[in-house]
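Here is what each chain is made of, one letter per residue.
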Amino acid sequence: KYDEAVSVALAQIESGAQILDINLDDGLINGVAAMVKFLRLILANPDIACVPIMIDSSKFEIIEAGLKNCQGKCVVNSISLKEGEEEFL
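Calculation rules
- Residues numbered from 1 in each chain as written.
- Predicted model: local features only at pLDDT ≥ 70, side-chain atom pairs only at ≥ 80, totals over all residues.
- Heavy atoms only, no water.
- Helix = DSSP H or I, 4+ residues; strand = E, 2+ residues; numbered from the N terminus.
- Buried < 20%, exposed > 50% of the residue type's maximum accessible area, 1.4 Å probe, protein only.
- Lys, Arg positive; Asp, Glu negative; His and termini not counted.
- Salt bridge = Lys/Arg side-chain N within 4 Å of Asp/Glu carboxyl O.
- Contact = heavy atoms within 4.5 Å.
- Expected span 1.5 Å × (residues − 1).
- Arc of directions from axis to C-beta.
- Axes fitted to C-alpha atoms, helices over the stretch in contact; angles between N-to-C directions.
- Parallel < 35°, antiparallel > 145°, perpendicular 65-115°, else oblique.
- Left-handed = near helix turned anticlockwise from the far one by under 90°.
- Nonpolar A, V, L, I, M, F, W, Y, C, P; charged D, E, K, R; others polar.
- Pairing = 2+ DSSP bridges.

A.B. asks: Pulling in residues and values, what's your account of the side chain of Asp56?
C.D. replies: Following the sequence through the fold, Asp56 ends up in strand E2 (residues 53–56). Buried within the structure, Asp56 lacks any salt-bridge partner; Lys59 is the closest side chain of opposite charge, at an N-O distance of 12 Å. Once residues within four sequence positions are removed from consideration, Asp56 is found in contact with Asp21, Ile22, Asn23, Leu24, Asn77 and Ser78.

A.B. asks: If you had to explain helix H1 (residues 2–14) to someone new, which residues and values would you point to?
C.D. replies: In a regular helix each residue adds 1.5 Å, so 13 residues correspond to 18 Å; H1 covers 18 Å between its end C-alpha atoms and thus fits that length. Of the positions making up H1, those classed as buried are Val6, Ala9 and Ile13. All buried residues of H1 lie within an arc of 60 degrees about the axis, which places them on one face of the element. Buried positions along H1 lie against strand E1 (20–22), helix H2 (31–43) and helix H3 (46–49).

A.B. asks: Outline the packing of H2 against helix H4 (residues 60–68), supporting the account with residue identities and numerical values.
C.D. replies: Two quantities define a packed helix pair, namely the angle between the axes and the distance from one axis to the other. Between H2 and H4, the shortest axis-to-axis distance is 9 Å and the interhelical angle comes to 20 degrees. With respect to each other, H2 and H4 are oriented roughly parallel. Crossing hand, H2 versus H4: right-handed. Residues Gly31, Val32, Met35, Val36 and Leu39 of H2 lie in contact with H4, whose contacting residues are Glu61, Ile62, Ala65 and Gly66. Of the residues belonging to the contact of H2 with H4, the class tally is six nonpolar, two polar and one charged.

A.B. asks: Account for the packing of H1 against H2, naming residues and giving values.
C.D. replies: Orientation of H1 relative to H2, taken along the N-to-C sense of each, is 55 degrees, at an axis distance of 10 Å. Looking at the two axes, H1 sits oblique to H2. The handedness of the crossing between H1 and H2 is right-handed. Between H1 and H2, the residues in contact are Tyr2, Ala5, Val6 and Ala9 and Ala34, Lys37, Phe38, Leu41 and Ile42, respectively. In the contact of H1 with H2, the residues fall into eight nonpolar, no polar and one charged.

A.B. asks: Residue-level account of the sheet that holds strand E3 (residues 75–77), with values.
C.D. replies: Judged by pairing direction, the sheet is parallel, and its three strands sit side by side in the order E1-E2-E3 without closing on themselves. One side of each edge strand has no neighbouring strand; the edge strands of this open sheet are E1 and E3. Across this sheet, the average inter-strand angle for adjacent strands is 25 degrees, counted without regard to direction. Examined bridge by bridge, E2 and E3 share three bridges and lie parallel to one another. Considered in E3, the bridge of Ile55 is made with Val76.

Now the structure itself:
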């Protein structure tokens, strides 16, 4: 359903969204692989790539995958230190 999600992202931008919040924390999917694939799909579309991306996850590995696959700067949302600060240092 990636094509549907890309269509939703484009519709949000066409409706005036100034940032896209991407959250792929669902326990039924591989969040890292899904984040990488989805970001590559949306950033290949110039109408979507011009809008900043917010990586929204409580899982550091998903945040890291998102940051590695974003063009330029993006926003990180939902960093959780419930497992301890050491993981982020």
